[in-house]
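Chain by chain, the residues run as shown.
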Amino acid sequence: MTSVGLSKSRIMDGLQCPKLLWVRVHEPERIVYPRSLQRIFDMGHAVGAVAQAQYPDGVLVGAVGQPETGRPDMRAALRETSGLLSQSSDHTLFEATFQHDGILVRTDLLFRERGRVRFTEVKSSTSVKDEHVPDAAIQTWVLQESGVPVDGVCIGHVDNTFVYQGDGDYTGLLVEEDVTDAVAAQLPEVAGWVADLRRMLNGDMPAVFVGSVCRTPHDCPLREWCRECDGEVHVGYLPGGSRLVEQLQGEGYVRLRDVPAGRITGRDQARVWQATVAGRAQLDPAIRAELRALPYPRYYFDFETINFAVPIWAGTRPWEQLPFQFSCDVETAPGIFEHREFLDLTGSPPMEPCAQAVVDQLGDGDGPVLVYHAPFESTVLATLQRHAPRLAVPLQGVIDRVVDLLPIVKRHYYHPDMRGSWSIKAVLPTVAPDLDYGALDEVHEGTEAQMAYEEAIKPDTPAPRRETIRRNLLAYCARDTEAMVELVRYFQSV
């Protein structure tokens, strides 16, 4: 048997889905991560930096990178870690590096006090997740097999009740939860995980049903590839829970159209099946009257928000959704439109000016504020109430006028090309294919908008580049409200 290199991240991939790990090792070209994934990494690095700052006497292992790449020299980091731990003194180490059986791990925070070793794995989440325990168990196994007994393990995570005071002090941002017992319970399994995954990697690509493994604990980058079905709709596109999807595959069904009548009984799932088998859209004409009953003026409205694991503005909390932009298309009478918008790229807290702009543009009206997925927009409006309390009353008036188009569309319409989703980006191409998000420049979805905003507010971003970002953000947000306008126009006229 050929020994295949593993790492902690690869083992975690394999625990989620053996097929994902097999492809990552043998056919890595199939895995295409979205550009937006970089923001997740950046947030993790920011939280890690805060954790390290709490221990000013800590030593960063592997601080000197390889001259040719700038990346840490893992062999040098292993030697440095071993040398530091061979000393009798106490140590706090960042990224202490260990290896056993070809598996290399780096601990975020490692403490050696009076000869006893404990470590903390730092996460940017706001709680301990199920997947954090096996992550820590793998590290513990490598340390102990390397001759470093571990006496305690904690998960450090973000406290979402922390309010930043704007003074550069992040004490209290992170809280630690002891998971020593949970790790100890899983520790005997780690060697088996390693052996099983290596055995799997030496064989053919494993067959794994599309289902819960595609989203738990993380969205799998192979999900769309695994649901390819020679142009047909895979059963994995059924909405709702994964249990039925997995059952159908266990019964031998791959194409949704092959599932017999009566086998699928859930309301939304049955609608998806019926439209797929018929090969045409399902449209309840009642949607026409429901939308025509909406009074004028109508305000088609959409926010773009930014969130930070490590807050940068005073008075804000970790991961709080803070609006920096909105688009609003006002239909004053049938077919008569006026476009309004707001975008703050100053880098200052945008909440107060955004709240004022919302009130100025929407607050004096009494028509419906049409959004797509109201819980998000209503939550952001409530956030503005907290950050601009003087405007709380008129903002509440806007909240009270919110009308959600998503449940209206979902009740009355489904097209086979929507592939089990009623998101606006799934519905729009079936009624207005010319309004293509893919044709926009640079910003095509929410996380890309966040990344563009972060670049724009950096002090060293050149003015021409900031202007390009401004145009791209305005075009993206305007596309969202334009999409709602087109959906309403289409469904009112069919």
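Worth saying up front: this structure is predicted, and the values here are computed from it rather than measured.

(A) Region of the structure containing the overall build of the protein chain. Counting its secondary structure elements, the protein chain contains 18 helices and 13 strands. Projecting the C-alpha coordinates of the protein chain onto the three principal axes gives extents of approximately 80 × 60 × 40 Å. By the burial criterion, 48% of the 494 residues in the protein chain qualify as buried. Counted over contacts in the protein chain with a minimum sequence separation of 6, partners at least 24 positions apart contribute 67%.

(B) Region of interest: empty space enclosed by the protein. Across all of its chains, the model carries two cavities of 30 Å³ or more by this definition. Space inside the largest cavity adds up to approximately 60 Å³. In terms of lining residues, the largest cavity is bounded by C17, K19, V208, F209, V210, V213, C214, C220, L222, R223 and C226. By residue class, the composition of the lining of the largest cavity is nine nonpolar, no polar and two charged.

(C) Looking closely at helix α13 (residues 374–387). Relative to the 20 Å expected for 14 residues at 1.5 Å per residue, α13 spans 20 Å between its end C-alpha atoms, a close match to the ideal helical length. Looking only at α13, the buried set comprises A374, E377, V380, L381, T383, L384, Q385 and H387. Contacts from the buried residues of α13 go to β8 (298–306), β9 (322–333), α12 (351–363), β11 (369–371), α14 (392–400) and β12 (402–404).

(D) Fine view of the sheet that holds strand β6 (residues 174–178). Strand order across the open sheet formed by six strands is β1-β2-β3-β4-β5-β6, with mixed pairing between neighbours. If you trace the sheet from one side to the other, it starts and ends with β1 (59–60) and β6, each paired once. Where strand β3 (residues 103–113) and strand β4 (residues 116–122) come together, five bridges link them in antiparallel fashion. Each residue of the ladder has a partner; that of F111, found in β4, is R118.

(E) Structural context of helix α3 (residues 37–53). Relative to the 24 Å expected for 17 residues at 1.5 Å per residue, α3 spans 25 Å between its end C-alpha atoms, a close match to the ideal helical length. Turning to α3, its buried residues number three or more, namely L37, R39, M43, V47, V50 and A51. Taken end-on, α3 shows its buried residues confined to a sector of 165 degrees, consistent with a single buried face. Facing away from the buried surface of α3 by more than 90 degrees, the exposed residues are H45 and A53. Buried residues along α3 sit against β3, β4, β5 (152–158), β6, β8 and α17 (446–456).

(F) View of the sheet that holds β9. With mixed pairing, five strands are arranged side by side in an open sheet as β10-β9-β8-β11-β12. Edge positions in the sheet fall to β10 (336–343) and β12, since each has one partner strand and no second. Adjacent strand axes in the sheet meet at a mean angle of 25 degrees when their direction is disregarded. In this sheet, β9 lies alongside β8 in antiparallel orientation, the contact comprising nine bridges. Within the sheet, the bridge partner assigned to D302 lies in β9 and is S327.

(G) Summary view of the packing of aromatic side chains. Under the defined criterion, the tally for this structure stands at 14 aromatic pairs. For the pair F308 and W313, a centre-to-centre distance of 5.6 Å together with 90 degrees between the ring planes defines the contact as edge-to-face. W313 gets classed as buried once you look at its relative accessible area, which sits at 5%. Seen from their ring centres, F326 and F342 are 5.7 Å apart, and the 20 degrees between their planes marks the pair as stacked. With F326 in strand β9 and F342 in strand β10, this residue pair connects regions lying 16 residues apart in the sequence. For the pair shown, F326 and F342 are each scored as buried. Joined through ring pairs, the aromatic side chains of F301, F303, F326 and F342 make up one cluster. We note R401 situated over the ring of Y299; from NZ or CZ to the ring centre the distance is 5.1 Å.

(H) Structural detail: the pattern of salt bridges. Counted under the stated rule, the structure contains 31 salt bridges. A salt bridge links E454 to R39, with the nearest nitrogen and oxygen atoms 2.8 Å apart. Of this pair, E454 sits in helix α17 while R39 sits in helix α3, and the two are 415 residues apart along the sequence. Across the pair R255 and D258 runs a salt bridge whose closest N-O atoms are separated by 2.9 Å. Residue R255 is classed as partly exposed on the basis of its relative accessible area of 31%. Given the relative accessible area of 37%, D258 is considered partly exposed. Taken together, the shared-partner salt bridges connect K8, E121, K123 and D135 into one network.

(I) Representation of the side chain of S327 within the structure. Structurally, S327 can be placed in strand β9. Reaching out from S327, the side chain makes a polar contact with the side chain of T481 at a distance of 2.8 Å. Beyond its immediate stretch of four places on either side in the chain, S327 contacts Y300, F301, D302, H339, R340, E341, C477, A478 and T481.

(J) Geometry of the packing of helix α1 (residues 8–16) against helix α2 (residues 18–26). Packing of α1 against α2 leaves a shortest axis separation of 5 Å and a crossing angle of 140 degrees. As judged from the angle between their axes, α1 and α2 are oblique. Residues S9, R10, D13, G14 and Q16 of α1 form the contact with α2, whose own contacting residues are P18, L20, L21, R24 and V25.

Calculation criteria
- Residue positions are given per chain, counted from 1 along the sequence in the order it is written.
- Where totals are concerned, whole chains, interfaces and linings use all residues; where local detail is concerned, this predicted model gives features only for residues with pLDDT of at least 70, and gives and counts side-chain atom pairs only at 80 or more.
- To get the side-chain values, all heavy atoms of the structure are used, and hydrogens and water are removed first.
- In this description a helix means any DSSP run of H or I spanning at least four residues, a strand means any run of E spanning at least two, and both kinds are numbered starting from the N terminus.
- Burial here depends on accessible area, computed with a 1.4 Å probe over protein chains only, as a share of the maximum for the residue type. Under 20% is buried, over 50% is exposed, and the range in between is partly exposed.
- For this analysis, residues touch if any pair of their heavy atoms sits within 4.5 Å.
- Space inside and on the surface of the protein is sampled on a 1 Å grid over the protein atoms alone, with a cavity defined as a set of points where a 1.4 Å probe fits but cannot get out and a pocket as an open set with protein on both sides within 12 Å along at least 5 of 7 lines; lining residues have an atom within 4 Å of a point.
- Grid points are joined across faces, edges and corners, and a volume is the space filled by probe spheres set on the points.
- In the scheme used here, Gly and all other residues not listed as nonpolar or charged are polar, with Ala, Val, Leu, Ile, Met, Phe, Trp, Tyr, Cys and Pro taken as nonpolar and Asp, Glu, Lys and Arg as charged.
- Take the residue count of a helix, subtract one, and multiply by 1.5 Å to get its expected span.
- If DSSP finds at least two bridges between two strands, the strands pair.
- Read the arc as the range of directions from the helix axis to the C-beta atoms.
- All axes here are fitted lines through C-alpha atoms, helices being fitted over the stretch that makes contact, and every angle between N-to-C directions spans 0 to 180 degrees.
- Ring pairs shown here join Phe, Tyr and Trp side chains whose ring centres sit within 6.5 Å, with only the six-membered ring taken for Trp; geometry is labelled stacked below 30 degrees between planes, edge-to-face above 60, and tilted in between.
- Think of it as a cone above the ring: NZ of Lys or CZ of Arg counts as a charge over the ring if it is within 6 Å of the ring centre and within 35 degrees of the ring normal.
- Salt-bridge detection follows one rule: a side-chain nitrogen of Lys or Arg within 4 Å of a carboxyl oxygen of Asp or Glu.
- Identification of polar contacts relies on pairs of N or O atoms within 3.5 Å, with a donor-acceptor requirement for protein atoms, meaning one able to donate a hydrogen and the other able to accept it, and with residues adjacent in sequence counted only if both atoms are side-chain atoms.
- Reported orientations rely on four angle classes, namely roughly parallel under 35 degrees, roughly antiparallel over 145, roughly perpendicular from 65 to 115, and oblique for the rest.

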